[in-house]
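Chain by chain, the residues:
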Amino acid sequence: MNSSVPIADRQIKSDAFGQWLVRLEELRSLAQGWDSYSADPPSQDAIARTEQFLSVLQASGLQPTRIDASVMGGVGITHRKGRRKVYVEFYNDGRVHALFSDRTPNMFTTPVDATPESYAELIAKAREYLDG
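Residues numbered from 1 in each chain as written. Predicted model: local features only at pLDDT ≥ 70, side-chain atom pairs only at ≥ 80, totals over all residues. Heavy atoms only, no water.

Caption draft 1: Just the overall build of the chain, in detail. A tally of regular secondary structure across the chain gives three helices and five strands. Along the chain, from the amino end to the carboxyl end, the secondary structure elements read α-α-β-β-β-β-β-α. For the chain, the residues scored as buried account for 41% of the 132 residues in total. Relative to all contacts within the chain whose residues are 6 or more apart in sequence, the contacts with residues 24 or more apart total 47%. For the chain, the accessible area works out to roughly 7300 Å², and carbon and sulfur atoms hold 49% of it. (Helix = DSSP H or I, 4+ residues; strand = E, 2+ residues; numbered from the N terminus. Buried < 20%, exposed > 50% of the residue type's maximum accessible area, 1.4 Å probe, protein only. Contact = heavy atoms within 4.5 Å. Areas by Shrake-Rupley, 256 points an atom, 1.4 Å probe, with all protein chains shown as cover.)

Caption draft 2: Structural detail: helix α3 (residues 116-131). Taking 1.5 Å of rise per residue, 16 residues should cover 22 Å, and α3 covers 22 Å from first to last C-alpha, within 8% of that figure. Of the residues making up α3, those classed as buried are S118, Y119, L122, I123, A126, Y129 and L130. Projected down its long axis, α3 carries its buried residues within an arc of 140 degrees, all on one side. Across α3 from its buried face, at more than 90 degrees, point the exposed residues E117, K125, E128 and D131. (Expected span 1.5 Å × (residues − 1). Arc of directions from axis to C-beta.)

Caption draft 3: Representation of the pattern of salt bridges in the model. Scanning all chains against the criterion turns up six salt bridges. For the salt bridge of E26 with R23, the shortest nitrogen-to-oxygen distance reads 3.1 Å. Highlighted residues: E26 and R23, both in helix α1 (residues 15-27), separated by three residues, approximately one helical turn. By relative accessible area, R23 is classed as partly exposed at 25%. Where E25 meets R28, a salt bridge forms, and the shortest distance between an N and an O atom there is 3.0 Å. Counted as one network, the salt bridges with shared partners bring together R23, E26, R66 and D68. (Salt bridge = Lys/Arg side-chain N within 4 Å of Asp/Glu carboxyl O.)

Caption draft 4: Just the pairing of strand β5 (residues 108-111), in detail. One ladder, built from four bridges, connects strand β4 (residues 96-101) with β5; its direction is antiparallel. Each residue of the ladder has a partner; that of L99, found in β5, is T109. Once β4 ends, the chain turns through six residues before running back antiparallel as β5, passing R103 with a positive phi of about 65 degrees. (Pairing = 2+ DSSP bridges.)

Caption draft 5: Examining the environment of A31 more closely. Position of A31 relative to the elements: it lies in the loop between α1 and α2 (44-60). According to the relative accessible area criterion, A31 is partly exposed, its value standing at 47%. Sequence separation between A31 and P41 is ten residues, and the spatial gap between their C-alpha atoms is 5.7 Å.

Caption draft 6: Representation of the nonpolar core. Grouped together as the largest cluster of nonpolar side chains are 28 residues, with contacts concentrated most on F53, L54 and V88. Only α1, α2, β1 (66-70), β2 (74-81), β3 (84-91), β4 and α3 provide two or more residues apiece to this core. Counting residues per element, this core draws most heavily on α3, which supplies six residues. The contacts of F53, once residues within four sequence positions are left out, are I77, H79, V88, F90, Y119, L122 and I123. (Core = buried A, V, L, I, M, F, W, Y, C linked by side-chain atoms within 4.5 Å.)

Here it is as structure tokens:
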């Protein structure tokens, strides 16, 4: 991964994932308080970790339904199918967490290592959960 070259200027392997890379690049321009309050913009490291996750997602063929800045400081990626949702948050401080929710009290979160192997494991769990 070469985070010094803007995402939008890199070769995009597929149009479907290209839109997510462009969206991620747009998040670089957010300023402090972008949410009308005091939210920190996504850090370059959070964007780089998100880009790495997108690369693993692309290889797996699992499309996000949304990518946006997080009011907690970082980037969030949502996967939704019916009532089920997996939300992966890449915090500015380096942490990555995944929320599994089906709009009941049975939701749970799990920490995720910021590695391609851990991302692949998370994607497999997300697929199983979303298809459940």
